[in-house]
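The lines below spell out each chain.
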Amino acid sequence: MRESCFCGRSGELEDREPVLDAEARWLLRCPNCGHLDDLGWLTEEAALMVWGEAMRRRRDPLRTA
Ligand SMILES: [Zn+2]
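A short tour of the structure in this document, coming up.

What counts, and at which threshold
- Residues numbered from 1 in each chain as written.
- Predicted model: local features only at pLDDT ≥ 70, side-chain atom pairs only at ≥ 80, totals over all residues.
- Core = buried A, V, L, I, M, F, W, Y, C linked by C-beta atoms within 7 Å.
- Buried ≥ 20, exposed ≤ 12 C-beta atoms within 10 Å, placed from the backbone.
- Helix = DSSP H or I, 4+ residues; strand = E, 2+ residues; numbered from the N terminus.
- Pairing = 2+ DSSP bridges.
- Axes fitted to C-alpha atoms, helices over the stretch in contact; angles between N-to-C directions.
- Contact = placed C-beta atoms within 7 Å.

A separate point is the nonpolar core. Core analysis: the biggest nonpolar cluster contains six residues, these being Trp26, Leu28, Leu39, Val50, Trp51 and Ala54. In terms of residues, this core owes the most to one element, helix 1 (residues 44–59), which gives three residues.

Before going further, it helps to spend a moment on the sheet that holds strand 3 (residues 17–20). With respect to topology, three strands assemble into an open sheet ordered 3-4-5, the strand pairing being antiparallel. Where the open sheet ends on each side, the last strands, each with one partner, are strand 3 and strand 5 (36–38). On average, each strand axis in the sheet is tilted by 35° relative to the strand beside it, whichever way the strands run. Relative to strand 4 (residues 26–29), strand 3 runs antiparallel, the two being bridged by four bridges. Directly across from Leu20, in strand 4, lies its bridge partner Trp26.

Looking at the element boundaries, Ala47 is found in helix 1. We classify Ala47 as partly exposed; it has 18 C-beta atoms within 10 Å. Along the primary structure Ala47 and Arg25 are separated by 22 residues, whereas in three dimensions their C-alpha atoms are 9.6 Å apart.

Moving on to the environment of Trp26. The residue Trp26 is located in strand 4 in this model. Linking Trp26 and Gly40, residues 14 residues apart in sequence, is a C-alpha distance of 7.8 Å. In contact with Trp26, other than residues within four places in its own chain, are Leu20, Leu39, Ala47, Leu48 and Trp51.

Laid out in structure tokens, this is it:
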């Protein structure tokens, strides 16, 4: 899943930094500008998939998606 940030960075959503906010919502932070993207526009299932994939990529430095 690809999306471009308003800062000009474009790339896969899953390459952003996974963040949980105080209300336990899934957010992805742009590594370029720090903008937080709410995944509320996705279904809960899809949001969890994207967020989980972002988390997995950060935990696995050998994988270069
Ligand atoms: Zn950005």
